[in-house]
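Each chain, written out:
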Amino acid sequence: LAILDVTEGLPSGDPAALPPPPAEGDSVRWLYATSGTTSEPKAVCHSDGTLSAGGIGIAEALQTAPPDIHSLVFPYAHIGGPDQIVMALRTGIATVLAEAFVPSETLAVLARKGATHLGGGPAFYLALLAEHDRRQAEATAGFDEHVIATVLVDHGFARHHQRLHRRTLDDQ
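Residues numbered from 1 in each chain as written. Predicted model: local features only at pLDDT ≥ 70, side-chain atom pairs only at ≥ 80, totals over all residues. Heavy atoms only, no water.

**Quick look at the overall build of the protein**
Counting its regular elements, the protein contains 6 helices and 6 strands. Put simply, the protein runs from its N terminus to its C terminus through helices and strands in the order β-β-α-β-α-β-α-β-α-α-β-α. The buried share of the protein, reckoned over its 172 residues, is 34%. The contacts in the protein between residues at least 6 apart in sequence include a share of 66% that link residues at least 24 apart. Per element, the accessible surface of the protein, about 10,500 Å² overall, is 60% carbon and sulfur. (Helix = DSSP H or I, 4+ residues; strand = E, 2+ residues; numbered from the N terminus. Buried < 20%, exposed > 50% of the residue type's maximum accessible area, 1.4 Å probe, protein only. Contact = heavy atoms within 4.5 Å. Areas by Shrake-Rupley, 256 points an atom, 1.4 Å probe, with all protein chains shown as cover.)

Here's what the structure looks like:
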């Protein structure tokens, strides 16, 4: 799993120098996969405005702010991708991006980077919990990845997986 750390040396500038947003912010320009409230996959049409509203809504609901560190370890083509990116840009929080989801490697990276928020869905959380439990049971050398107990899980409106919900509460 390749890691590109861009937490140091990022450019800064005056946001007023940015170009204005598109004049047609309500025009449908995007088609994203989502599971919504039913947890059944579907495609939904979006505009720049709806994508912005989603990310801003998540940022406000989670009350994210520096020094929070978010992670985006699921496909960007899911609606959660732009939601998480907008949230990070809106709040200025650091974000860990993963090119591929490999639970054994992803868990280690999230722990090393000190992730406080995990964006994704039940399948991702369950895979990370299984990897966490496997390492704990094997007492893997240097096992100190407390990311599971400290991370705030963000899974939009997907129906909660009962075992995951209980486990998340038990680990807090």
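There is more to say, and it comes next.
**Here we look at helix 4 (residues 122-138)**
Given a rise of 1.5 Å per residue, 17 residues ought to cover 24 Å, and the 24 Å separating the end C-alpha atoms of helix 4 matches this to within 8%. Of all the residues in helix 4, the buried ones are Pro122, Tyr125, Leu126, Leu128, Leu129, Glu131, His132 and Arg135. (Expected span 1.5 Å × (residues − 1).)

**Concerning the side chain of Asp83**
Topologically, Asp83 is positioned in helix 2 (residues 80-91). At 13 Å, Arg90 is the nearest oppositely charged side chain to Asp83, a buried residue that forms no salt bridge. Setting aside anything within four residues of it in sequence, one finds Asp83 in contact with Leu51, Gly54, Gly55 and Ile58. (Lys, Arg positive; Asp, Glu negative; His and termini not counted. Salt bridge = Lys/Arg side-chain N within 4 Å of Asp/Glu carboxyl O.)

**Digging into the packing of helix 1 (residues 48-62) against helix 2**
Each pair of packed helices gets described by two things: the angle between the helix axes and the distance between those axes. One can describe the packing of helix 1 onto helix 2 by two numbers: an axis separation of 7 Å at closest approach and a directional angle of 65 degrees. When you trace helix 1 past helix 2, the crossing you get is right-handed. Facing Leu51, Ser52, Gly54, Gly55, Ile56, Ile58, Ala59, Glu60 and Leu62 of helix 1, the residues of helix 2 in contact are Pro82, Asp83, Gln84, Val86, Met87, Arg90 and Thr91. (Axes fitted to C-alpha atoms, helices over the stretch in contact; angles between N-to-C directions. Left-handed = near helix turned anticlockwise from the far one by under 90°.)

**What to know about the packing of helix 3 (residues 103-113) against helix 4**
Packing of helix 3 against helix 4 leaves a shortest axis separation of 9 Å and a crossing angle of 85 degrees. Taken together, helix 3 and helix 4 sit at an angle that is classed as roughly perpendicular. Side by side, helix 3 and helix 4 meet where Pro103, Ser104, Glu105, Thr106, Leu107, Ala108 and Leu110 of the first sit next to Ala127, Leu128, Glu131, His132 and Arg135 of the second. Residues that form the contact of helix 3 with helix 4 fall into these classes: 6 nonpolar, 3 polar and 3 charged. (Parallel < 35°, antiparallel > 145°, perpendicular 65-115°, else oblique. Nonpolar A, V, L, I, M, F, W, Y, C, P; charged D, E, K, R; others polar.)

**A word on helix 1**
In a regular helix each residue adds 1.5 Å, so 15 residues correspond to 21 Å; helix 1 covers 21 Å between its end C-alpha atoms and thus fits that length. Listed as buried for helix 1 are Asp48, Leu51, Gly55, Ile58, Ala59 and Leu62. When helix 1 is viewed along its axis, its buried side chains cluster within an angular range of 110 degrees and face the same direction. Opposite the buried face of helix 1, by more than 90 degrees, sit the exposed residues Glu60 and Ala61. Gln63 sits one or two residues past helix 1 and shows a positive phi near 55 degrees. (Arc of directions from axis to C-beta.)

**Side note on the nonpolar core**
In terms of nonpolar packing, the biggest core is built from 10 residues, these being Ile69, Val73, Val96, Leu107, Val109, Leu110, Ala115, Leu118, Tyr125 and Leu128. At the level of elements, helix 3 and helix 4 are the ones that each hand at least two residues to this core. Core analysis: the second largest hydrophobic core is formed by 6 residues, Ile58, Ala59, Ala88 and Ile93 among them. (Core = buried A, V, L, I, M, F, W, Y, C linked by side-chain atoms within 4.5 Å.)

That is the geometry; function is a separate question.
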